[in-house]
Amino acid sequence: MAILITGGAGYVGSHAVHALAACGYKLAVVDNLSTGFRAAVPEDVHFYEGDIRDRVFLDGVFAAEPVEGVIHFAASSQVGESMVHPLRYYDNNLGGTRVLLESMLAHGVKTIVFSSSAAVYGEPQQVPIRETDPTNPTNCYGETKLAMERMMHWAEAAHGLRYVALRYFNACGARMEGGIGEAHDPETHLIPLILQVANGQRPQIAVFGTDYPTPDGTCVRDYVHVDDLAQAHRLALEYLLHGGKSQCINLGSGSGFSVREMIDAVRRITGHAIPVSEQPRRAGDPAVLVASIEKAAAVLGWQPQCSDLEQVIASAWAWHRTHPNGYRE
């Protein structure tokens, strides 16, 4: 039997592919390579280039592979872009998920681990954020992720689908064993942006807002290493394959670091001065976002192993220093 991974050539998806392959799973990866990279997927993994909105294509994959479970990463994921092109996000994220679920059910596959997001919560009412807290997305990206979760909920009610939606906070770092890492164009994530300054690819890092109600006035976020995320997806898959019930589960480190703390850590690790440009707040940026990870521990037996701040940045720096242009050398 095989595990189908959609979006397996992307950042978190490719790390999950490597983690599951190392555990002996037979895998099939589907990716349209719009933002992913074929080089991020091991050569011996069955790879299908195509779009999950194409039902004929997906049915062909399910016919060719003895799939027993799906891990679903394939989605557009840029918050800013989602606000400019909301219909594109609904088409790709919801449309793709609908076709995937239809094809799964048509082929008798009823187990799926879903890459969701902390963006489903919006402005938090308390910190740390728990899975039972209100979900009120403040951007279109978060809205589509929440709608994808609800789609799975109703597919369970009607067809017996079982799912785990993993709501993760700030994915970061690169594979500890090397070889793959983060490569977005354009880049929007804080750590790679700071490292681009260290790499001489940008003159300074912009800090948006210095007057938040936090110890140093800058936003605080929860950073979780991508290898830890990969292991959580494996544990969620095994939980479902052993009969576990549907769940929504946070993934984070359980602690937060401010923007200034992240910049200072990059300075220490890289030995580079990181010039800063202070800018006004961005609309919709909460002051503090930190996950409660108690449920992940209780349900999946998951604890972050690589999310020490020094480890996170060192792994990311090792990747970006040797791959300044990502996979496009």
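Conventions used here
- Residues numbered from 1 in each chain as written.
- Predicted model: local features only at pLDDT ≥ 70, side-chain atom pairs only at ≥ 80, totals over all residues.
- Heavy atoms only, no water.
- Helix = DSSP H or I, 4+ residues; strand = E, 2+ residues; numbered from the N terminus.
- Rg over C-alpha atoms; globule rule 2.2 N^0.38 Å.
- Buried < 20%, exposed > 50% of the residue type's maximum accessible area, 1.4 Å probe, protein only.
- Lys, Arg positive; Asp, Glu negative; His and termini not counted.
- Charge placed at Lys NZ, Arg CZ, Asp CG, Glu CD.
- Axes fitted to C-alpha atoms, helices over the stretch in contact; angles between N-to-C directions.
- Parallel < 35°, antiparallel > 145°, perpendicular 65-115°, else oblique.
- Left-handed = near helix turned anticlockwise from the far one by under 90°.
- Contact = heavy atoms within 4.5 Å.
- Pairing = 2+ DSSP bridges.
- Patch = residues over 30% accessible without salt bridge, like charges linked within 9 Å, V, L, I, M, F, W, Y side chains within 5 Å.
- Areas by Shrake-Rupley, 256 points an atom, 1.4 Å probe, with all protein chains shown as cover.
- Salt bridge = Lys/Arg side-chain N within 4 Å of Asp/Glu carboxyl O.
- Phe/Tyr/Trp six-rings, centres within 6.5 Å; stacked < 30°, edge-to-face > 60°.
- Lys NZ or Arg CZ within 6 Å of the ring centre and 35° of its normal.
- Core = buried A, V, L, I, M, F, W, Y, C linked by side-chain atoms within 4.5 Å.

A. Expanded view of the overall build of the protein chain. Along the protein chain, the regular secondary structure elements total ten helices and 14 strands. In summary, the protein chain has a C-alpha radius of gyration of 19 Å against a globular reference of 20 Å for 329 residues, a match within 12%. When the backbone C-alpha atoms are referred to their principal axes, the protein chain occupies close to 55 × 45 × 40 Å. Buried positions account for 56% of the 329 residues belonging to the protein chain. Between the averaged position of the 25 positive side-chain charges in the protein chain and that of its 36 negative side-chain charges there is a distance of 3 Å.

B. Broad picture of the packing of helix α2 (residues 55-64) against helix α4 (residues 86-106). Look at α2 against α4: their axes get within 10 Å of each other, and the N-to-C directions meet at 40 degrees. The pairing of α2 with α4 is recorded here as oblique in orientation. Here α2 and α4 pass one another in a crossing that is right-handed. Along the contact surface, α2 presents Arg 55, Leu 58, Asp 59 and Phe 62, while α4 presents Val 99, Leu 100, Glu 102, Ser 103, Met 104 and Ala 106.

C. A look at the sheet that holds strand β9 (residues 220-221). If you walk across this open sheet you meet the three strands as β12-β9-β14, and the pairing is mixed. Only two strands of the sheet have a single partner each, and these edge strands are β12 (257-258) and β14 (288-289). The sheet contact formed by β9 and β12 spans two bridges and is antiparallel. Pairing of Arg 221 across the sheet is with Phe 257, part of β12.

D. Quick look at a nonpolar patch on the surface. Together, Val 79, Met 83 and Val 84 line one region of the surface with nonpolar side chains, adding up to about 280 Å² of accessible area. Along the chain, the position of Met 83 falls in helix α3 (residues 79-84).

E. Structural context of the packing of aromatic side chains. Summed over the entire model, instances satisfying the criterion amount to two aromatic pairs. Both rings, one in Trp 319 and one in Tyr 327, keep their centres 5.1 Å apart while their planes meet at 50 degrees; by these two values the pair is tilted. Of the residues examined, Trp 319 reaches a relative accessible area of 4% and is grouped as buried. Residue classification places Tyr 327 among the buried residues on the basis of a relative accessible area of 18%. Among the aromatic residues, those joined into a ring-pair cluster are Phe 37, Trp 319 and Tyr 327. In this arrangement the basic side chain of Arg 281 is found over the ring face of Tyr 212, its NZ or CZ atom lying 4.0 Å from the centre.

F. The arrangement of the sheet that holds strand β2 (residues 27-31) in detail. Spatial ordering of the open sheet is given by β3-β2-β1-β4-β5-β6-β11, a layout of seven strands whose pairing is parallel. A single partner strand is all that each edge strand has here, and the edge strands are β3 (46-49) and β11 (247-251). Neighbour-to-neighbour, the strand axes of the sheet open up by a mean angle of 20 degrees, direction not taken into account. Sheet topology note: the strand β5 (residues 111-117)/strand β6 (residues 162-168) ladder contains seven bridges and is parallel. Residue Phe 114 lies in a different strand from β6, and its bridge partner there is Ala 165. Where helix α7 (residues 226-241) meets the sheet, its contacts fall on β1 (2-6), β4 (67-72), β5, β6 and β11, and the angle it forms with β6 comes to roughly 160 degrees.

G. How the structure looks around the side chain of Asp 227. Mapped onto the fold, Asp 227 is located in helix α7. Among buried Asp, Glu, Lys and Arg side chains, Asp 227 stands out as unpaired, with Arg 175 the closest opposite charge at 5.2 Å. Apart from residues no more than four positions distant in its own chain, Asp 227 is found in contact with His 15, Ala 174, Arg 175, Met 176 and Cys 306.

H. Structural view of unusual backbone geometry. Of note, the bond from Val 127 into Pro 128 is cis; its omega dihedral lies within 30 degrees of zero at 5 degrees. Inspection of the secondary structure puts Pro 128 in the loop between β5 and α5 (140-159). Of note, the bond from Asp 185 into Pro 186 is cis; its omega dihedral lies within 30 degrees of zero at 5 degrees. Positionally, Pro 186 belongs in the loop between β7 (170-172) and α6 (190-198). Residue Leu 33 is not a glycine yet carries a positive backbone phi of 60 degrees. For Leu 33, the location among the structural elements is in the loop between β2 and β3.

I. Summary view of α6. Most of α6 sits out of view: nine of its nine residues are buried. For α6, every residue scored as buried is listed here: Leu 190, Ile 191, Pro 192, Leu 193, Ile 194, Leu 195, Gln 196, Val 197 and Ala 198. Lining the buried residues of α6 we find β7, β8 (205-208), β10 (223-225), α8 (259-270) and α10 (309-322). Residue Gly 200 follows α6 closely and has a positive phi angle near 75 degrees.

J. The nonpolar core, seen in detail. By size, the foremost hydrophobic cluster in this structure holds 45 residues, and its most contacted members are Ile 5, Val 12, Ile 71, Leu 166, Leu 251, Leu 300 and Trp 302. Listing elements by their share of this core, those giving two or more residues are β1, α1 (11-22), β2, β6, α7, β11 and α9 (294-300). The dominant element in this core, judged by the number of residues it contributes, is α7, at nine residues. The contact partners of Val 12, leaving out residues within four places of it in the chain, are Phe 73, Tyr 168, Ala 171, Val 226, Leu 229 and His 233. Counting residues in hydrophobic clusters, the runner-up holds 26 residues, among them Phe 57, Val 67, Leu 101 and Ala 155.

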